[in-house]
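Residue-level structure breakdown
Listed here are the chains, written in short residue letters.
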Amino acid sequence: MACKGLKPDTVIYTTLLQGLLTLFTLGRCDAAESLFDEMMCRGPKPNIVTYSVLLDGFLKNHKIVKAIEVFRSMQDQAKGLKSNVKIYNAMISGPCKENLLDEAEELLLQMEGDGCPPNDLTYNIVVWVFLKKGNKPKGMMLLQEMINKNFSPDASTMATLIDLLLAGGGDSDYLKMIHNLASRDRKTMS
């Protein structure tokens, strides 16, 4: 394209990145990173879709550090671009899958600080992982926060609560939380 005097636009670059990202399992992470660097140097500026595609590819291929690096650079360099809940959920989910709970919690706090309110998926991601990894106080605190904001746990989060209740020999905290959720849901359905 460039040799014919044509300059690729953001859509072309994003499409090429998407194509490379589908090949990430074949070791194309470096090619996608090089293409993105070219885009950053030559222009045009990446848009939120470009960043979303790139972050998704890195996260799906366990390149958490690289994803966080790109995410941070997006926030520093991409004036006018604001991370949305979808990007934050992906960025929180990635570290959770790699047991990087401090990073996930930091991103959750940053999300709220950036004026991007977490949604039910955000809370289900972090509550589930904190409970599953044995951090009961943090998991229960986030679950209560989730409930206070009128979000409901999904099936995975509820199953984890029930599993922990059974494994803990009827732990009253888990039982109380399940009871509160059940009574709240009954009131909502009435």
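No experiment lies behind these values; they were computed from the predicted model shown.

1. Points about the pattern of salt bridges
- All chains considered together, the criterion is met by nine salt bridges.
- The structure contains a network of salt bridges with shared partners spanning Glu33, Lys66 and Glu69.

2. What to know about the packing of helix 6 (residues 101-113) against helix 7 (residues 120-132)
- Contact geometry for helix 6 and helix 7: axes closest at 11 Å, N-to-C directions at 155°. What the angle tells us is that helix 6 and helix 7 run roughly antiparallel. Both helix 6 and helix 7 take part in a crossing whose hand is left-handed. Taking contact as the criterion, the partners of Leu101, Glu105, Leu108, Met111 and Glu112 in helix 6 are, on helix 7, Thr122, Tyr123, Val126, Val129 and Phe130.
- Here the residues of the contact of helix 6 with helix 7 are counted per class, giving seven nonpolar, one polar and two charged.

3. What about the layout of surface pockets?
- Of the pockets and cavities examined, the largest pocket occupies roughly 190 Å³.
- Counting residues per element, the ones that place at least two in the lining of the largest pocket are helix 3 (48-60) and helix 5 (85-97).
- Looking at which element gives the most residues to the lining of the largest pocket, the answer is helix 5, with five residues.
- A breakdown of the residues in the lining of the largest pocket according to their chemical character gives three nonpolar, four polar and four charged.

4. Description of the environment of Cys29
- In this fold, Cys29 is placed in helix 2 (residues 29-42).
- Judged by relative accessible area, which is 9%, Cys29 ranks as buried.
- Separated by 34 residues in sequence, Cys29 and Lys63 have C-alpha atoms that sit 8.8 Å apart.

5. Regarding unusual backbone geometry
- Between Gly43 and Pro44 the backbone carries a cis peptide bond, its omega angle lying at 0°.
- Within the secondary structure layout, Pro44 lies in the loop between helix 2 and helix 3.
- Here Asn99, not a glycine, exhibits a phi torsion of approximately 60°, which is positive.
- Note on placement: Asn99 falls in the loop between helix 5 and helix 6.

6. Here we look at the packing of helix 5 against helix 6
- Between helix 5 and helix 6, whose axes approach to 7 Å, the crossing angle comes to 165°. It follows that helix 5 is roughly antiparallel to helix 6 by the angle criterion. Between helix 5 and helix 6 the crossing geometry is left-handed. Where helix 5 abuts helix 6, its residues Val85, Tyr88, Asn89, Met91, Ile92, Pro95 and Cys96 lie against Leu101, Glu103, Ala104, Leu107, Leu108, Gln110 and Met111.

Calculation criteria
- Residues numbered from 1 in each chain as written.
- Predicted model: local features only at pLDDT ≥ 70, side-chain atom pairs only at ≥ 80, totals over all residues.
- Heavy atoms only, no water.
- Salt bridge = Lys/Arg side-chain N within 4 Å of Asp/Glu carboxyl O.
- Axes fitted to C-alpha atoms, helices over the stretch in contact; angles between N-to-C directions.
- Helix = DSSP H or I, 4+ residues; strand = E, 2+ residues; numbered from the N terminus.
- Parallel < 35°, antiparallel > 145°, perpendicular 65-115°, else oblique.
- Left-handed = near helix turned anticlockwise from the far one by under 90°.
- Contact = heavy atoms within 4.5 Å.
- Nonpolar A, V, L, I, M, F, W, Y, C, P; charged D, E, K, R; others polar.
- 1 Å grid on protein atoms, 1.4 Å probe; cavity = no way out; pocket = protein on both sides within 12 Å on 5 of 7 lines; lining within 4 Å.
- Points joined across faces, edges and corners; volume = space filled by probe spheres on them.
- Buried < 20%, exposed > 50% of the residue type's maximum accessible area, 1.4 Å probe, protein only.

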